[in-house]
Amino acid sequence: MAVAKLHMACNLITSTLLNYQNLARSSQLILPTLYNHHSNSLNILPSITTSRRRRISTVYNAVKAEESLQNKTTPVASSKLVLVIGASGGVGQLVVASLLNRNIKSRLLVRDPEKATTLFGEQDEDKLQVFKGDIRNPEDLDPSIFEGVTHVICCTGTTAFPSKRWDGDNTPERVDCDGARNLISALPPSLKRVVLVSSVGVTKFNELPWSIMNLCGVLKYKKMGEDCLIKSGLPYTIIRPGRLTDGPYTSYDLNTLLKATAGERRAVVISQGDKLVGEVSRLVVAEACLQALDIECTQGQIYEINSVKGEGPESNKDKWEELFRAATAKS
Ligand SMILES: NC(=O)c1ccc[n+]([C@@H]2O[C@H](COP(=O)([O-])OP(=O)(O)OC[C@H]3O[C@@H](n4cnc5c(N)ncnc54)[C@H](OP(=O)(O)O)[C@@H]3O)[C@@H](O)[C@H]2O)c1
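Here we summarise the structure given alongside this text. As the structure is a prediction and not an experimental result, all values here were calculated from the model. (Residues numbered from 1 in each chain as written. Predicted model: local features only at pLDDT ≥ 70, side-chain atom pairs only at ≥ 80, totals over all residues.)

Some thoughts on the nonpolar core
- Of all hydrophobic cores here, the largest spans 73 residues; its most connected members are V95, I239, V285 and C289.
- No other element matches helix α11 (residues 282-294), which puts 9 residues into this core.
- When near neighbours in sequence (up to four residues on either side) are disregarded, V95 contacts V84, I153, C155, A286, C289 and L290. (Core = buried A, V, L, I, M, F, W, Y, C linked by C-beta atoms within 7 Å. Buried ≥ 20, exposed ≤ 12 C-beta atoms within 10 Å, placed from the backbone. Helix = DSSP H or I, 4+ residues; strand = E, 2+ residues; numbered from the N terminus. Contact = placed C-beta atoms within 7 Å.)

Regarding the pairing of strand β8 (residues 267-271)
- Burial of the side chains of β8 is restricted to one face: V268 and I270 are buried, whereas none of A267, V269 and S271 on the reverse face is.
- Relative to strand β10 (residues 301-308), β8 runs antiparallel, the two being bridged by 5 bridges. Bridge pairing in β10 places V269 opposite N306. (Pairing = 2+ DSSP bridges.)

So, the site of the ligand
- Near the ligand, the surroundings consist of 32 residues, among which S88, G89, G90, V91 and G157 are the closest.
- Listed by contribution, the elements that provide at least two residues to the shell around the ligand are α2 (20-30), α4 (90-101), α7 (172-186) and β7 (243-245).
- Ranked by the residues each element gives to the shell around the ligand, the list is headed by α4, at 3 residues.
- A class-by-class count of the residues in the shell around the ligand yields 13 nonpolar, 12 polar and 7 charged. (Near = placed C-beta within 6 Å. Nonpolar A, V, L, I, M, F, W, Y, C, P; charged D, E, K, R; others polar.)

Let's talk about the packing of α4 against α11
- The interhelical angle for the contact between α4 and α11, taken along N-to-C directions, is 55 degrees, at an axis separation of 8 Å. The angle between α4 and α11 places the two elements in the oblique class. The interaxial crossing formed by α4 with α11 has right-handed handedness. Taken together, the residues of α11 that come into contact with α4 (itself represented by G90, V91, L94, V95 and S98) are R282, L283, V285, A286, C289 and L290.
- Partitioning the contact of α4 with α11 into residue classes produces 8 nonpolar, 2 polar and 1 charged. (Axes fitted to C-alpha atoms, helices over the stretch in contact; angles between N-to-C directions. Parallel < 35°, antiparallel > 145°, perpendicular 65-115°, else oblique. Left-handed = near helix turned anticlockwise from the far one by under 90°.)

A closer look at the environment of Q123
- Mapped onto the elements, Q123 comes out in the loop between α5 (113-120) and β3 (128-132).
- Through-space distance from the C-alpha of Q123 to that of L100 is 9.2 Å; in sequence the pair is 23 residues apart.

Looking at the pairing of β10
- Counting buried residues along β10, 6 of its 8 residues qualify, which places the element largely inside the surrounding structure.
- With 5 bridges joining them, strand β6 (residues 236-241) and β10 adopt parallel strand pairing. Bridged to I239 within β10 is Y303.

As C-alpha cells, this is what we get:
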C-alpha cells in the first residue's frame, strides 16, 4: 500500500514539477546519439577542433532566427572567453548558440567533441574551441582548458532517476556533486564569474514533495555542488530553474519549435530563498546565465527562475538587471 502511494506520488511529482526523466526519454527519441557516448575513460586529450567554418548548425540558426525575430541588437565582439560545460545539453546548446550569435568567444568542454561539431558546425577556432573531458575525471581537467578563460557557465546534469544516461556511473552523485567539485577545484582564481545551473528545491530535498524528486539524491547532490562553488571563493552566480520546458532543441525542425514555444514564455520571474515552484523555458535559463556574467549585482547570489506567458526581457541587459535587483531586494 505504502509502495503504491509512493509510486503514485512519484508519478505526480515527475509530471508536474521537475520532470527530468520524461525529458530524458524525449531527448532520447529526438537525439539518440546523445546517449551513446558515455566513456568513463577519456584520457587527458584536450583536443581543439581546428578546421574552418563550413556549415552552421540548426541550433545556431534557430537562435539567430529567434533573436532576429525579436529585433535584438547583437552586441559587438567582446574580450570575454566563456567556457561552457554541458554545452551539448538543452540549456548548454542555447548558451553556445547565443554566444556565437553575439560574437563572444567560447570554449566547450564536452565528453564527445563530434557531437559539438554536429550541433554548432565547424567554426573558426578563435570563435569556438572544443575540448574533450568528463568532469567526473579530475585528470581530464587539464589547466590548458582554463587558459585565457574569463567566465564559466556550467549547465551539466543527468537524470534524477535511473536511465540510460546513468550508464557508466554517470549518476547525480557523480555529475552534480563529484563532477561539480572536480570542476570547481580546477578553475583558476582569476575568473570574473562562474555561473552554475542548479535546480529549485535543493534546500528542501528532505521535504515533500521534493523528497520524492530526491529519491536518488539529485537535489541533495546539486546542493553539494552549489556549496562547493560558494566555498571556493570564486565569483559565482547560481541559477536554479524550475521544471525546464521547450527543447531539447535538437530537432531538425528547431526553428519552428523555438518560435512556437519561447514566443509564449518570455516573461521572467526571479526569486530568492528557494520558494519558487513552476516552469521555465530553456531559452530563458540560457539568457539568464549569459546576462549574469555581466551584471555586477548577481555576484555571490542564488536565484530561482521561472518563465510565464507574456513579454519578457529578451536580451536586454537593463531589464535583466532590474529583474535580478528586484529579486535581491525582496529576499
Ligand atoms: N529537466 C528539468 O526539468 C530540470 C529542472 C531543474 C534543473 N535542471 C538542471 O538544469 C541543467 C540543464 O538541464 P538540461 O535539461 O539543459 O541538461 P541536459 O540536456 O540533461 O544536458 C546535460 C549536459 O551535461 C553534460 N554532462 C553529463 N554528464 C557529464 C559529465 N560527466 N561530464 C561532462 N558533461 C556531462 C551532458 O553531456 P553529454 O552530451 O555528454 O551527455 C549535457 O551536455 C541541469 O543541471 C539539470 O539538472 C533540470
